[in-house]
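What the coordinates show
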Amino acid sequence: DLGSDVEVEADVADDVDEDDLLGGLRIDSTSEIEVPDRLVDQVIGQEHARDVVMKAAKQRRHVMMIGSPGTGKSMLAKAMSELLPKEELQDVLVYHNPDDGNNPKVRTVPAGKGEQIVEAHKEEARKRNQMRSFLMWIIIAIVLGYSLIIAGQILLGILAAGVIYLAFRYGSRGSDAMIPNLIVNNADGAAAPFQDATGAHAGALLGDVRHDPFQSGGMETPSHDRVEPGAIHKANKGVLFIDEINTLDIRSQQHLMTAIQEGEFSITGQSERSSGAMVQTEPVPTDFIMIAAGNLDAMENMHPALRSRIKGYGYEVYMDDTIEDTPEMRRKYARFVAQEVKKDGRLPEYSSEAIEEVILEARRRAGRKGHLTLELRNLGGLVRVSGDIARAEDADVVTRAHVLQAKGRSRSIEQQLADDYIERRKDYELQVADGYQVGRVNGLAVMGEDSGIMMPVMAEVTPSQGPGEVIATGKLQEIAMEAVQNVSAIIKKFSDEDISQKDIHIQFVQSYEGVEGDSASVTVATAVISALENVGVDQSLAMTGSLSVRGDVLPVGGVTHKIEAAAKSGCSKVIIPQANMQDVMIEEEYEEMVEIIPVSHISEVLDVALEGEPEKDSLVDRLKSITGSAFNPEQVS
Ligand code: ADP
């Protein structure tokens, strides 16, 4: 049943609760989950790519796979080799050519025959050598005997014996030339070959002839014995996988194309000045299916003719980065943990709580509501690290605590840096985290891809001599200007205040290289209003959000990491855009530490952040009294 989905084989509840993290699996550990034999059945998600691979295997078509690293491209290529017929596998032998030593002959025989042929030749050579040795010793004995008895010349006898010995030794080298060189051996025949030629240099890809340092004088290795196959030859009747195809040099891409077109490719020495370059074999079969992989630019940079070759005679597929989070899929992720445990071979089994923690991490890493990450190489890394921790403790099973510990260890550089900053700032008491302060707001930013950092913003408003200016420090100048522009439009609408006549100083306290500030505009606006109206801002609160000209709070990236950073820095409340609520996937340990306050308008931000009741009819009073809907574009315009 090609293309069908393989259900997880384990005890599953009849009535599965939609929210059950294990998708209804009733197991104590991974030992109760069956791991399918075929690699293709172990692939999680990637339904489209899997269908294509199965179809391509049947029709012997090439495939181009585009997608993120660690999503299963090489796994699928290998799985494809398991699907190809084993009956057609061949062995390839290279023979000495008596007419032209530099043009060795090539013979193809059914798989398994190659070893037999080589054995037979060796046996013959052995017999011949035995015969020779026997003859040699007879002659030596006769010569020595003659010298001693008849002529009485010991020295002469020994000298003659030595000459005879050497003559026989070198003479016997000639018989090695008769033994063929088995360059492709499919004797084990378990599956069609799978060759990963990612990053291979020309010799490894196209085959090579070793240089012979003793090119003459009876010491040389016969040329056919120096022939080495390339991945294109070893992949014959199987799969040739090349990731990052665009990094292959153009000459190799051209040769690869020839091999695909002709179905055979002679082996010759790859380094031009070596003795190997004089040698060229008869054509060696290269009847493989190619799976070329890479990211999107790989496709643009690969040799156009090679690309069109695949396009015209094969398939192109895109790999998914995430998959919908359903009970069935979660069961598969549980099986994924079982697969990785089995593949590693040394890890303890996973307890059900530990599996749940891995599935939670798959959710977090997806960065998308209702999805699980398919970057499974990395998730497999977490499985292995957790298992290693358990093993180091001599634990029988991997527990949830082990997985949590492993997550701490496999933090990215950015996360480690961010934690370090937080620690150091705690030392210097730069974080306030309680009381009220005018013009100072705890903003939140993202560093790298996966770590948050608290970044306070300070604002001061002073009368200006000329037209007002926005003065901000550092790289975040542009963001500050934009935020101030938006907030001044709002302020103008609600008061007589015209802040364009004032100088506004914005300082991002301790902003760091690499910090993204595009989500700081709500923070900047709040700081400006606080400074303008001289009202204190709650310092136990942190916030993130982008601000529109109408005062709407728009969604931003990285909320989960930001909330965690706020909690780590000692804040007890975090304001986030309402629209980001669905992206919140914080770790349990932080859930208790912070209250998350979703907002959709700046008025709600001020309501939560500013101190006390505003004076009647003040700007803050007016701003606070409006609701988000008053700013709805449809209603305003
Ligand atoms: P790629 O070739 O896309 O970089 P690989 O196929 O080498 O990724 O994946 C590395 C490992 O990650 C695999 O050996 C497997 O253990 C795991 N893995 C990746 N993708 C999947 C998947 N879709 N299903 C199951 N395991 C996967």
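Structure's up top.
Presented here is a report on the structure given in the accompanying data block. (Residues numbered from 1 in each chain as written. Predicted model: local features only at pLDDT ≥ 70, side-chain atom pairs only at ≥ 80, totals over all residues. Heavy atoms only, no water.)

1. Focus: the site of the ligand
So the rule is basically this: A molecule or strand has a residue near it when one of that residue's heavy atoms lies within 4 Å. Polar contact criterion, stated in full: a pair of N or O atoms within 3.5 Å, where within protein one must be able to donate a hydrogen and the other to accept it, and residues adjacent in sequence count only if both atoms are side-chain atoms. In this text, helices come from DSSP runs of H or I with a minimum length of four residues, and strands from runs of E with a minimum of two, each type numbered from the N-terminal end. Only Asp, Glu, Lys and Arg are considered charged in this grouping, and only Ala, Val, Leu, Ile, Met, Phe, Trp, Tyr, Cys and Pro are considered nonpolar; every other residue, Gly among them, is considered polar.
With respect to spatial proximity, 16 residues lie near the ligand, and among them I44, G70, E340, K343 and R377 are the closest. Within the contact set of the ligand, an oxygen atom lies 3.2 Å away from a backbone nitrogen or oxygen of T71. R377 places a polar side-chain atom, nitrogen or oxygen, 2.5 Å from an oxygen atom of the ligand. Going through the elements one at a time, α3 (73–83), α11 (327–344) and α13 (376–392) are the ones with two or more residues in the shell around the ligand. Here the residues of the shell around the ligand sort into six nonpolar, six polar and four charged.

2. Some details on the sheet that holds strand β8 (residues 239–242)
What counts is decided by this rule: Being paired, for any two strands, means DSSP has found at least two bridges between them. Between N-to-C directions, angles cover 0 to 180 degrees, with each direction set by a line fitted to C-alpha atoms, over the stretch in contact for helices. In what follows, a contact means two residues having at least one pair of non-hydrogen atoms within 4.5 Å.
Spatial ordering of the open sheet is given by β5-β8-β11-β1-β12, a layout of five strands whose pairing is parallel. Both outer strands of the open sheet, β5 (194–196) and β12 (314–318), are each paired with one neighbouring strand and no more. Going from strand to strand, the sheet's axes swing by 15° on average, the running direction of each strand aside. Relative to strand β11 (residues 289–294), strand β1 (residues 62–66) runs parallel, the two being bridged by four bridges. Within the sheet, the bridge partner assigned to M65 lies in β11 and is A293. Across the sheet, α3 is in contact with β1, β5, β8 and β11; its angle to β8 comes to roughly 170°. Taken strand by strand, helix α10 (residues 304–313) contacts β1, β11 and β12, and its axis lies near 100° from that of β12.

3. Considerations on the pattern of salt bridges
Which entries qualify depends on this criterion: Within this document, salt bridges are pairs made up of a side-chain nitrogen of Lys or Arg and a carboxyl oxygen of Asp or Glu, the two lying within 4 Å of each other. Working definition: with a 1.4 Å probe on protein chains only, accessible area under 20% of the residue-type maximum means buried, over 50% means exposed, and in between means partly exposed.
Applying the stated criterion across every chain, the model contains 24 salt bridges. When the shortest N-O distance is used, the salt bridge between R126 and E123 registers 2.7 Å. Within this pair, R126 and its partner E123 are both found in helix α4 (residues 113–151), separated by three residues, close to a single helical turn. Under the relative-accessibility criterion, R126 is labelled partly exposed at 42%. On the basis of relative accessible area, E123 is assigned to the partly exposed category, the value being 34%. Taking the shortest distance from any N to any O, the salt bridge between R364 and E564 comes out at 3.1 Å. With a gap of 200 residues between them, R364 in helix α12 (residues 352–366) and E564 in helix α18 (residues 559–568) connect regions that are remote in the sequence. Accessibility expressed as a relative area gives 19% for R364, which makes it buried. For E564, a relative accessible area of 8% puts it in the buried group. What you see here is one network of salt bridges that share partners, running through E357, E361, R364, R365, R400, K407 and E564.

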